[in-house]
Every structure is written in structure tokens, then in C-alpha cells.
Amino acid sequence: MFAISEAPIDVAGLQHGLEADGAGAVVCFEGRVRNYNEGRAVNGLSYQAYIELAEAEGRRIVEEARSRFAVERISCVHRVGDLALGDVAVWAGVSAGHRAAAFDACRYVIDEVKARVPIWKREHYVEGDSEWLHPESTPK
Amino acid sequence: MFAISEAPIDVAGLQHGLEADGAGAVVCFEGRVRNYNEGRAVNGLSYQAYIELAEAEGRRIVEEARSRFAVERISCVHRVGDLALGDVAVWAGVSAGHRAAAFDACRYVIDEVKARVPIWKREHYVEGDSEWLHPESTPK
Amino acid sequence: MNYRLLYFASLCDAAGCAEEQVASGARDVSALYAELAARHGFTFTPDRLRVAVNGAFTDWNHRLVENDEVVFVPPVSGG
Amino acid sequence: MNYRLLYFASLCDAAGCAEEQVASGARDVSALYAELAARHGFTFTPDRLRVAVNGAFTDWNHRLVENDEVVFVPPVSGG
């Protein structure tokens, strides 16, 4: 499951959804709004998504992880809109029979989501200005 | 923080304890009682610990992770006593500025805890018998 | 031909709108981007962008047809 | 000399107790393990065990003193 959410991410509900009888290992990742980035003090973020394509690309990533690793369940949700310090921007969780697959699949999902899913972050700085982030790396 | 617990692990409380302003990434691992192991159907586990030494060795592992990875907070709790299917046997959580350190430190803690901390698992099988597990690998 | 353009992040700021209808002589996405970059002052070179037509990623040689929805996808920064 | 032994997991099952006071002529942990393995029928060879004295891991040449607390640690299976 992959979704873009305008509402706060329901971490407890998503974790509950990973439970399965054969799931001996559960690994969850939370990305939260930090109070700094690259040396500048940050007091909030806005995320924008090309929702239709973001959900399609996110679902593709989840299916890739499912085919590469021996997992039970995978969920990932990315927030859009205005976020405050400490808010959860992205959450990914994986359950599996064994921990290596759970760690590897969770890492794969979050790495690929950050590299490929059309979502953009606008940082709001304590000084009052803000800017869209467009990392230098070549698009995949 | 590392602890051995006779009571159910308070996952929500432990996750809350990882929050920090600079913590942009949080990775949590839960080890749960599975319904099978090495081909046999399992309906419960008992864990026994040499508590004094387990807590000392667990704290040592947490300090090792803190010195190797750029992390904010690390917590790990291992349950002892009788556990049912789905119960959380061990929980480890790490917060960090960036996700690579959070994933690597969480993985380090759980791998080392499983390899080094004096805790033993007795599996109870659906057929009615049970046995202590003593893996073949050489002790570290 | 007529195309529908959606703009995101800094491309939206530069275009001054989130979407627009464009009548253009361009017949592929490369030509369309060159035309729009000139009009709106987009500074991204094509190697830093991906392109999507009708909700799916595609390549820069993609031939356009009437009423295609075209998105130039700037470098992403989710997570 | 007198030692206090704690037993865990299958060593506890084999010894039939979780702890015992032992009067022994053994002066190091290797000799003590040989004596107790013979008495209780422990099947682990020393290379599969670790040893702790007074709550800290140590090595098999550790010299024992009166009232030491000794634990032979079988292969662990936490997690």
C-alpha cells in the first residue's frame, strides 16, 4: 500500500495493519520535520505532490520491494500540505518472517520514494524566507 | 537505554522517548512471536535472562552504536517470561538526523543483542513439547 | 495543437500558474519544453527534468497528440 | 573452595536447579566446568560456552577465589 495524505499520518493504525501471524520482524521508518537543514534553521515545511503520478510510482516501488524481499506486508504514506517541526512527513513499515528482509525492504522503499516519487519540499526558514528544494542529483 | 522487562513492552511510550528536535529519521524494530520456526508450528515462547549481565551487555551494545553512528537517541527492551503469538519479544528504536545512521544503528543493536546478550528462548510447539534454543554459531 | 500543462514546485512559481492550456506548434515534448522554457524563463536544462504525459513517465522524444496532459517533473525532494 | 553457580536454559534443566553452592578443588573456571559437566551430564563443549564470574564475562583461565559467583553461559537465543 502506498498513499499520499493531506491529513496527519496515522502511525498507530498503519503499524497495526502490518501484523500477520508469520510476521516475526517489523521495521518502521518515520521521517520527521527537522529544525535544521544544510546549516539553516527551519521552522516548517510544505510538501506538494503530483498526486496521480506519485501514487502510481509509489505503488510501483512497493511492488518492487515485494518482489525483491521475502516480506509479509508493506505500507508507505507521504504527507502533503503544511507541516510543523516534529510532524511526520513520511512513514514506511514492513513486516516479514525475518529481520534482514524487513530492514532491507523498508530501506529500499524509503530510498526509492525519496529518489523517484514526484513530491517536492518547500523549506520555511526562521529568517522568514522559503524555497523549493530541487536536489542536484540526476533524475532516475 | 537498554532494559530487560517482565511486563509487556510499552512500544508507544518508547517511541515517544526517541523524539528530539534534530531527529529527522526514526527507525524502529519489533521482534514478535511467530507461529512457526524451522518448519515447526509454534504456539508460544518463554524467555529467560541472566538479568544482571544481560542489562550490562545490552548497555554496552547501545554505547557501541552511539559511538559508531551519528544518532540522537537509542532504546532497546527485551521481554522475559511467557509470551503468546504476536507478542513483542524485543523492541529497538533509534532517532537520528539522517536515515542512514538510524537504519544502521538500529540494525547494529538488534544484531548484537541477538548474538551477545544472555537471553534464552524456549519454544513451545503445537504438538505439546518444548525446547531451549541454543544456536550452533560460535559464541562471540 | 492544444496541450494541458501542469506545473509543480519552482516551475509553478516561474510559470505563475499551476496549470494552463497551450496552443503550440511543438509536436514532441522536447520542442514543447524549449518553447515553454523560453516563455516562462524556466532555468532547468532537460537533463535535470523528467517528463510525464497523461499521468505516466515517458521520454523526451514522446510524440504529442491533441489534448495531451504534459508535466515537466523537476528534481524531487520528498521524504 | 566454595563457589556459587547459576544455571540458565538447558544447563538449568540438566543440573535440576537454577543455582547451587559447590565445594570444589577446582581453581579456575576450566577445571570447575569439567567437574560440573561430569556431575550433571552437561553436553556442551567449552568452545560453545562463555563464562561469567561475578556478573562479568571473563575467559576460561580465570582464577577463582572463595565465594565467586560463576555462570557458564550457553549459546544465547534472544530476539
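For the structure itself, consult the block above.
Chemist: Help me understand the overall build of chain A in this model?
Modeler: The helix and strand tally for chain A stands at three helices and nine strands. For 140 residues, the compact-globule estimate of 2.2 N^0.38 gives 14 Å, and the C-alpha radius of gyration of chain A, at 16 Å, lies within 12% of that figure. Seen along its three principal axes, the alpha-carbon backbone of chain A occupies a region of about 50 × 30 × 25 Å. Residues classed as buried in chain A amount to 54% of the 140 residues present. Carbon and sulfur atoms make up 47% of the accessible area of chain A, which amounts to about 5,800 Å² in all.

Chemist: Looking at this structure, how should I read helix H2 (residues 51–68) of chain B?
Modeler: Residues spaced three or four apart along an α-helix point in a common direction, a consequence of the helix completing one turn every 3.6 residues. Spanning 18 residues, H2(B) covers 26 Å between terminal C-alpha atoms, matching the ideal 26 Å at 1.5 Å per step. Among all positions in H2(B), only Leu53(B), Ala54(B), Glu57(B), Gly58(B), Ile61(B), Val62(B) and Ala65(B) are buried.

Chemist: Teacher, can you tell me more about the pairing of strand S4 (residues 40–49) of chain A here?
Modeler: Consecutive side chains along a regular strand alternate between the two faces of the sheet. Residues and elements named next belong to chain A. Inspection of the sheet shows strand S3 (residues 36–37) paired to S4 by two bridges, in the antiparallel sense. Paired with Asn-37 across the strands is Arg-40, a residue of S4. Judged from the seven bridges that link them, S4 and strand S8 (residues 119–125) form a sheet pairing that is antiparallel. For Val-42, the partnering residue across the bridge sits in S8 and is Tyr-125.

Chemist: Which parts of the structure should I look at to understand the interface of chain A and chain B?
Modeler: A common way to state how big an interface is: give the accessible area lost once the parts meet. The interface is formed by 28 residues belonging to chain A together with 28 residues belonging to chain B. It is Arg99(A), Phe103(A) and Arg107(A) in chain A that bury the most area against chain B; as a group they hold 24% of the surface buried on that side. At the junction of chain A and chain B, the tally comes to six salt bridges. We note a salt bridge from Arg107(A) to Asp104(B), for which the minimum N-O separation is 3.7 Å. In this structure, the connection of chain A to chain B is made through 13 residue pairs in polar contact (both at pLDDT 80 or more). Of all the secondary structure elements, the ones that give two or more residues to the side of chain A that touches chain B are strand S2 (25–32) and helix H3 (99–116) of chain A. It is H3(A) that provides the largest number of residues to the side of chain A that touches chain B, a total of nine residues. Among the residues forming the side of chain A that touches chain B, the class breakdown is 11 nonpolar, seven polar and 10 charged. Note that S2(A) and strand S2 (residues 25–32) of chain B share seven bridges and pair antiparallel. Across the sheet, Val26(A) pairs through a bridge with Glu30(B), a residue of S2(B).

Chemist: Any chance you could explain the relation of the copies chain A and chain B here in plain terms?
Modeler: In this arrangement, two copies of a chain are superimposed by a rotation about an axis accompanied by a shift along the axis. In the superposition of chain A on chain B (RMSD 0.0 Å, axial shift 0.0 Å), the rotation amounts to 180°. Here the transformation between the copies is reduced to the relation of a two-fold axis. Residue Cys28(A) of chain A places its C-alpha closer to the rotation axis than any other residue of that unit, at 2.6 Å. A high fraction, 100%, of the interface residues of chain A reappear at the interface in chain B, so the copies pair face to face through one surface.

Chemist: What's the story with the packing of helix H2 (residues 51–68) of chain A against H3(A) in this structure? I'm lost.
Modeler: In a packed pair of helices, the relevant descriptors are the angle between the two axes and the axis-to-axis distance. All names here are of chain A. With their axes 10 Å apart at the nearest point, H2 and H3 run at an angle of 150° to one another. Our classification of the angle between H2 and H3 gives roughly antiparallel. Judged by the sense of rotation from one axis to the other, the crossing of H2 with H3 is right-handed. On H3, the residues that touch Glu-57, Arg-60, Ile-61, Glu-64, Ala-65 and Arg-68 of H2 are Ala-105, Tyr-108, Val-109, Glu-112, Val-113 and Arg-116. Split into classes, the residues belonging to the contact of H2 with H3 amount to six nonpolar, no polar and six charged.

Chemist: Any chance you could explain the interface of chain A and chain C here in plain terms?
Modeler: The partner chain C presents 23 residues to the 26 residues of chain A that form the contact. Of the roughly 2,100 Å² buried between chain A and chain C on both sides combined, carbon and sulfur atoms contribute 57%. When the area that chain A buries against chain C is broken down by residue, the three leading residues are Tyr50(A), Trp120(A) and His134(A), summing to 29%. Between the two partners, chain A and chain C, sit two salt bridges. Across the salt bridge formed by Arg48(C) and Glu136(A), the nearest N and O atoms sit 3.8 Å from each other. No other element matches the four residues that S8(A) contributes to the side of chain A that touches chain C. Residue composition of the side of chain A that touches chain C, by class: 14 nonpolar, four polar and eight charged.

Chemist: Whenever I open this one, the sheet that holds strand S3 (residues 50–53) of chain D confuses me. Can you help?
Modeler: The strands that make up a sheet are held in pairs by hydrogen bonds between backbone atoms, and each pair lies either parallel or antiparallel. Residues and elements named next belong to chain D. Reading across the sheet, the five strands line up as S2-S1-S5-S3-S4 and stay open at both edges, with mixed pairing between neighbours. At either margin of the open sheet sits one strand with a lone partner, and together these are strand S2 (19–23) and strand S4 (56–58). Taking each pair of neighbouring strands and ignoring which way they run, the sheet shows an average axis angle of 35°. Relative to S2, strand S1 (residues 2–6) runs antiparallel, the two being bridged by five bridges. Within S2, the position partnered with Leu-6 by the bridge is Glu-19.

Chemist: What is the right way to look at the pattern of salt bridges in this model?
Modeler: Side-chain pairs of opposite charge can arise where the charged atoms are in close proximity. Counted under the stated rule, the structure contains 34 salt bridges over all chains. With a closest N to O distance of 3.1 Å, Glu57(A) and Arg116(A) form a salt bridge. Taken as a pair, Glu57(A) in helix H2 and Arg116(A) in helix H3 lie far apart in primary sequence, 59 residues in all. Owing to a relative accessible area of 3%, Glu57(A) belongs among the buried residues under this scheme. Here Asp111(B) ties to Arg107(B) by a salt bridge, and the two come within 3.6 Å at their closest N and O atoms. Taken together, the positions of Asp111(B) and Arg107(B), both in helix H3 (residues 99–116) and four residues apart, correspond to about one turn of that helix. Within this structure, Glu57(A), Arg60(A), Glu64(A), Glu112(A) and Arg116(A) form a network of salt bridges that share partners.

Chemist: Any chance you could explain the side chain of Glu57(A) here in plain terms?
Modeler: Only 2.3 Å separates the side chain of Glu57(A) from the side chain of Arg60(A), close enough to count as a polar contact. In this structure Glu57(A) touches Arg116(A), Val117(A), Pro118(A), Arg50(C) and Phe57(C), once residues within four positions along its chain are discounted.

Conventions and cut-offs
Residues numbered from 1 in each chain as written. Chains lettered and ligands numbered in written order. Predicted model: local features only at pLDDT ≥ 70, side-chain atom pairs only at ≥ 80, totals over all residues. Heavy atoms only, no water. Helix = DSSP H or I, 4+ residues; strand = E, 2+ residues; numbered from the N terminus. Rg over C-alpha atoms; globule rule 2.2 N^0.38 Å. Buried < 20%, exposed > 50% of the residue type's maximum accessible area, 1.4 Å probe, protein only. Areas by Shrake-Rupley, 256 points an atom, 1.4 Å probe, with all protein chains shown as cover. Expected span 1.5 Å × (residues − 1). Pairing = 2+ DSSP bridges. Contact = heavy atoms within 4.5 Å. Buried area = accessible area lost by both parts, 1.4 Å probe. Salt bridge = Lys/Arg side-chain N within 4 Å of Asp/Glu carboxyl O. Polar contact = N/O pair within 3.5 Å; in protein donor to acceptor, adjacent residues only side chain to side chain. Nonpolar A, V, L, I, M, F, W, Y, C, P; charged D, E, K, R; others polar. Least-squares fit on C-alpha atoms with pLDDT ≥ 70 in both. Axes fitted to C-alpha atoms, helices over the stretch in contact; angles between N-to-C directions. Parallel < 35°, antiparallel > 145°, perpendicular 65-115°, else oblique. Left-handed = near helix turned anticlockwise from the far one by under 90°.

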